[in-house]
Amino acid sequence: MKLLTCPVNGTRPLSEFVYGGELRIPPAAGCSDKEWADYVHNRHGAPGLKQEWWYHGPSGTWFIAERNTLTDQVIRTYLKGQEGSK
Amino acid sequence: MSARLTKQQGEWINRAAVVKFSFEGRGFSGFEGDTITSALWANGEKVLGRSFKYHRPRGILSLANHDVNVMLTDGLDTNIRGDVAPVSNGAVFEAVNTDGGVRKDKSRIIDSIAPLLPVGFYYKAFHTPKKMFPFWENVIRKAAGLGVVNFNYPRITKPKQHIHCDVLVVGAGASGLSAAIEAGKQGLRVVLVDENAQLGGSLGFDWGGSQESGKLLGELSAEVQALPNIQVITSAYAAGYYPDHLIPVVTKDGMVKVRAGAVVMASGAFEQPPVFRNNDIPGVMLGSAAQRLLHRYGVKPFEHGVVFTANDYGYRVAHDLLEAGVKVAALIDLRTEVDAALPAGLARRGVKTLQGSAVYEVEPASDKFSVKAVVVAPYNADSAEADTGSKTRIECDGVAMCAGWAPAANLLYQAGTAMRYDYGVHQFVPNKLPAGIFAAGRVNGVYALADKLADGKRAAVAAMRHIGKDLAEAASVPVSASAQSHPYPIVMHAKGKNFVDFDEDIQVKDFINAAKEGFDNIELMKRFTTVGMGPSQGKHSNMNAIRILARLRGVPVEQIGTTTSRPFFHPTPIGHLGGRGFHPHRTTPLHDVNAALGAVFTDVGPWKRAAYYTVPGLGVQDTILAEVEAVRSKAGIIDSSSFGKIEVHGPEAGVFLERFFTGLYADMAVGESRYTMLLDETGVVVDDGLAHRLEEELFYLTSGTSNAAAVYREMQRWQQLWQLDIGLVNVTGSYAAINIAGPLARQVLSGLVNFNLGEQQPHSAREAEIAGVPVRLLRVAFVSDSTYELHVPTTQAAFVWEQVMRAGSSLGLKPFGTDAQRILRLEMGHAMPGIDTDGLTNPLEIGAQHAIAMDKPDFIGKRSLEIIAKRPLKKALVAFALNPGYAGEMPFECNLVIRNGEIEGRVTSIAYSRTVGRVIGFAYVAPQHSAVGSAFEIRTDGGAMAPATVVPFHFLASQH
Amino acid sequence: MQTEKLITPIAHALNHAHGEQIDWGVIEQMKVAAHFGGKELEEERKKNLGIADASLLRKFGVKGAQAADWLARQGVAIPPRANTWARNADGSLVLRLGNSEFLIEDAPGGTSCERLAQAYAEAKGVYPVPHVEASFVIGGHAVQALFSEVCSIDLTRASLGAQDVVMTQFAGVSVVLIRQDLQEEESLYRLWCDSSYGSYLWEVIAGIAHEHKGGPVGIGRYFAAYS
């Protein structure tokens, strides 16, 4: 089983985590209906470096993992808002 | 006649401990440490099993855990592998694949009609006429499969353990021992795994007539034992590779999941048989099998045999046979060019060598139980034909065969290793290894003993460097420059029975036929011929199959490629995979109280909830309706402890709720309760519940059971983005919830609470005390207009429940379960997210406009709702009732609403309500047909059309 | 029969523990299993692999940006880092769960939690967290064998520091775990889990403990104050 490193609790097997989808930035207020629909409905499936939400269940910690979805390598993990601190 | 030798150096058997057992009704004795096969062979028994397809007699092939024609049952377990399973006193063994025992197997007739049964015959032969197929299917199914499952198998827990180490070494042969010692000396945590009962790999049996290997093994074993940081696991196989170096190791009693910092694969190589007619007769075995018999168990493989080799290894085997006193009639070498020292060495011991020759065929005894002679003829390597014009016959009773090796690279493949075919050593070797994985020894193409030791050390150093040890890189060890395997050890024979795959009885001609039919890709050929699909999973057959296919297609072997071996690469009992079996579930603090009242429990998410309470003499349906009736006429009590409960504290709690849910909360008065609805960003309904303002800065949120954990998770995520000044606390497990519902509910509680219940308005919440226990008292209306919900600290729930039951005993208070609750909420007209909505339902479709404050600055899903609101509705949820007195087939959830032959919608909830006197439910219909009074039809499972009418949601209120 | 006001959250597991000789008792006002058989049996179990129900120990919790400051003002020892624990002068435990959440558990007979609950008033940035977890004491020779079966992370002494707080899963259930060295050379482990999973987890651990010639023992075997 794959390992993932929670920035607060350390390295754990994937079974302790819940995947929360890709981190996506909503379009600015006042966007068109089309832009909004693109944001909520369309996903970019092409493999590459993605930022993803992950949740460590036993501690209730949400964090971001930068993962290469082509190689399944996790480059780094950090708490949202603290990406610069590492 | 006993084939047991005198005591051998390093043997695995304990001659002081005699073991008695029976095989097919006859008694035998062996020694402690014997396998079933070695003990039987020592007793002169050579027919140990029957082959899978043709039911040919079979004996020893590998003695290395791949002898799948010798599988037995002891009455409890089935498919016990005789070549590796130990004998035990009193054990009673039978072969699995016979009809009447190994000697008199009635299915042996199949062997004589084999020409009628080519590979793939059953795909073609039995499909016409069609009506006969069920008959043939039955026959084929009976013939297929090995062993019989014992349905009275006792539950034996096979635990799974997790262990952690710095370096895992797979394989305890020369290179594996060397690697483990090297890493062990650095003080690292090392795990060393080997499938054999004892350490050593080929050091323990491949002696080539000398005692040196045995001595070295003793020294290496002592070194391992002297290092307590090396954990040795024997009689266990590393069964698969999973990401980040997780390797399940299967032992007899369970499974050990090893998480390693780095892995050294020193898994060795599987010896491969040459292919010639009757290469399966008992007495014909791999050279390494003969050596194992000699040195592990002190048993002669045969009395006077021949060695048929296609590499130098066969000469080592011949010397070992001679040392043990076995007569070697001749060594037949497929090759024309051989290092002259090899035949000279044998000549000195009186053994003649026939170079450039092949065993054309084995001449079996008439019962095919043993070898009578071999027919030898000059071999043409280009055509793979023997020159039968000049054949000679050599009488013998056994053949040791050596043609080369296939790397035991299964785990390397699984880990993503790129392999290449090396034309020096003539085998596949690792080309590019994944990070943290290192190969050593034969699997790496390294064969000479000194090279294997050096390669193990080199791999260990590389593994330690990978996990951060500051060590200098060790010199690389080259792949063996001389061929250890023959590029094409195949001898054609017009009459066939030259087996490539012993598991599935696949002959050379089966490959030729498969290629002719167009199955000339390795994956297609595998599926058509079933090569490699038997219990040994191609360990002795895949390499030859690849070589044959390469020649058929006229391409080099590396262009054929190999098939993927999935984890677990070795057959593993289901019980091992199941393990102890953990089934986490949540119980409420009232679980035993409910059980004592006759509750029958049901799973709701992770929770065990009371579905209904049995009443002696009353059927389930009537029991549930009686529970409903108690709530409608008097009072009912239900354990709702599984409900989601979340506290939101802090000055910005109201702001948080308004962003998270669809409604308005900041203006709520303390003590007020309000409906909450959660959407996702696409505007789809996710969940609903209630928000109770208990204090200025404390909202208490309650919701249904199944979504609670996921909703709390979402709250945490949004809070991380919003960073409001709040404290979120999931108190689901901290509070039990008890609902008292019905016209007498207030009366039940009035004597228990410390205030005038009449003053508590609907949709309100307050803190109170019951018999000295602090409770949160919520006035809700989910199952009845008159419902009080008590939220009680978990550890005091049983106490409070008892006080309420006592107070209600004279008023007819009855417990009710989730089944009655379903009907009650339906009568109240409450649609439930997840039941009456699906992953596409927006709030406008369920008529929830009242719960949505579109004039708020923002909430999750608002922007999508703005878009949805501009479009025409596609469907609408309605409440309906079947016509009074409807006596047809009862419709169910998910039955379709049909209008003019077209699907218009579906039923989401439906039940018979005795209170209303009709079948009632919710369904989706077209918006233009959603007005009260509209009629529609529901198609039942049986195809009947049940007429229904749209009614107001609150069925009870609409009755009056 | 009168139902006690406070009942251990693992009552369901205890009520269905076939083959156990349970002496029920009331400790810290909570109905608990005081003993499982005689002293000799319990000492033998404790030596091999013992588990005791410590749910009766009173707990107090707060979270929030100001929680550490507030607790410090109340004289509580603040563990220096996220996921570490400390011990107060009166023996009560202070667990720092993540960065800004704290669980305080009384030592046997202690009154810290009661004092803190009384002192607590909704201060800005300090929010109360009710704690009614099921809580166990686990110890004995075979404790690592147990851990290796129910937990997939490394909890050997080398990996679990003396002051570490670990939030992980045991047999599929979220737990908080610390190592508490009560006596010299004897590691005890303390574990907390959601009360609704308590009975399940108790049954799993007690079942494995039996296979190692251990099993449930009264809390008094670990805490002399309750013996």
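Residues numbered from 1 in each chain as written. Chains lettered and ligands numbered in written order. Predicted model: local features only at pLDDT ≥ 70, side-chain atom pairs only at ≥ 80, totals over all residues.

Trainee: How should the overall build of chain B be read in this particular structure?
Mentor: Within chain B, the secondary structure is distributed over 25 helices and 48 strands. A principal-axis box enclosing the C-alpha atoms of chain B has dimensions of 115 × 70 × 60 Å. A total of 960 residues make up chain B; the buried ones form 52% of that total. In chain B, 66% of the contacts between residues at least 6 apart in sequence involve partners at least 24 apart. (Helix = DSSP H or I, 4+ residues; strand = E, 2+ residues; numbered from the N terminus. Buried ≥ 20, exposed ≤ 12 C-beta atoms within 10 Å, placed from the backbone. Contact = placed C-beta atoms within 7 Å.)

Trainee: Where do I start with the overall build of chain A in this structure?
Mentor: Within chain A, the regular secondary structure consists of one helix and six strands. Moving toward the C terminus, one meets the helices and strands of chain A in the order β-β-β-α-β-β-β. If one aligns the C-alpha atoms of chain A with their principal axes, the spans along those axes are about 40 × 25 × 25 Å. For chain A, the residues scored as buried account for 21% of the 86 residues in total. Of the contacts made within chain A by residues no fewer than 6 positions apart, 43% connect residues no fewer than 24 positions apart.

Trainee: How do you make sense of helix α18 (residues 620-633) of chain B when you look at a structure like this?
Mentor: Given 3.6 residues to a turn, an α-helix orients residues that are three or four positions apart in the same direction. All names here are of chain B. Between the first and last C-alpha of α18 there are 20 Å, a value that for 14 residues agrees with the 20 Å anticipated at 1.5 Å per step. The complete set of buried residues in α18 reads T623, I624, L625, E627, V628, A630 and V631. Packed against the buried residues of α18 are β31 (607-613), β32 (635-639), β38 (735-741), β42 (813-815) and α23 (818-827). (Expected span 1.5 Å × (residues − 1).)

Trainee: I keep staring at the interface of chain C and chain A and nothing clicks. Help me out?
Mentor: In many analyses, interface size is given as the accessible surface area lost on bringing the parts together. Taken residue by residue, the interface counts ten residues in chain C and nine residues in chain A. At the level of elements, β11 (166-170) and β12 (173-183) of chain C are the ones that each hand at least two residues to the side of chain C that touches chain A. The element contributing the most residues to the side of chain C that touches chain A is β11(C), with three residues. Among the residues forming the side of chain C that touches chain A, the class breakdown is four nonpolar, six polar and no charged. (Nonpolar A, V, L, I, M, F, W, Y, C, P; charged D, E, K, R; others polar.)

Trainee: Would you mind showing me how to read the sheet that holds strand β15 (residues 284-286) of chain B here?
Mentor: Strands belonging to one sheet form pairs held by backbone hydrogen bonds; the direction of such a pair is parallel or antiparallel. Residue and element names in this part refer to chain B. Read from one edge of the open sheet, five strands run β15-β23-β16-β17-β18, paired in parallel fashion. Lying at the two open borders of the sheet, with one neighbouring strand each, are β15 and β18 (353-355). Between one strand axis and the next, the sheet turns through 20° on average, direction left out of account. Sheet topology note: the β15/strand β23 (residues 399-402) ladder contains three bridges and is parallel. (Pairing = 2+ DSSP bridges. Axes fitted to C-alpha atoms, helices over the stretch in contact; angles between N-to-C directions.)

Trainee: Is there a simple way to explain α23(B) in this structure?
Mentor: The buried count for α23(B) comes to eight of ten residues, which makes it a mostly enclosed element. Once α23(B) ends, the next one or two residues include B:G829, with phi positive near 80°.

Trainee: Explanation requested: the environment of B:F582 in the structure shown.
Mentor: For B:F582, the position within the fold is in the loop between α16 (574-578) and α17 (591-596). Residue B:F582 is classed as partly exposed on the basis of its C-beta count, with 16 C-beta atoms lying within 10 Å. If near-sequence neighbours (up to four positions away) are discounted, B:F582 is found in contact with C:A171, C:G172 and C:V204.

Trainee: Any chance you could explain the interface of chain C and chain B here in plain terms?
Mentor: Taken together, the contact between chain C and chain B spans 33 residues of the former and 32 residues of the latter. Those elements giving two or more residues to the side of chain C that touches chain B turn out to be β1 (6-7), α1 (11-15), α5 (143-150) and α6 (195-211) of chain C. With six residues, the single largest contributor to the side of chain C that touches chain B is α6(C). Looking at the side of chain C that touches chain B residue by residue, the class counts come to 15 nonpolar, eleven polar and seven charged.

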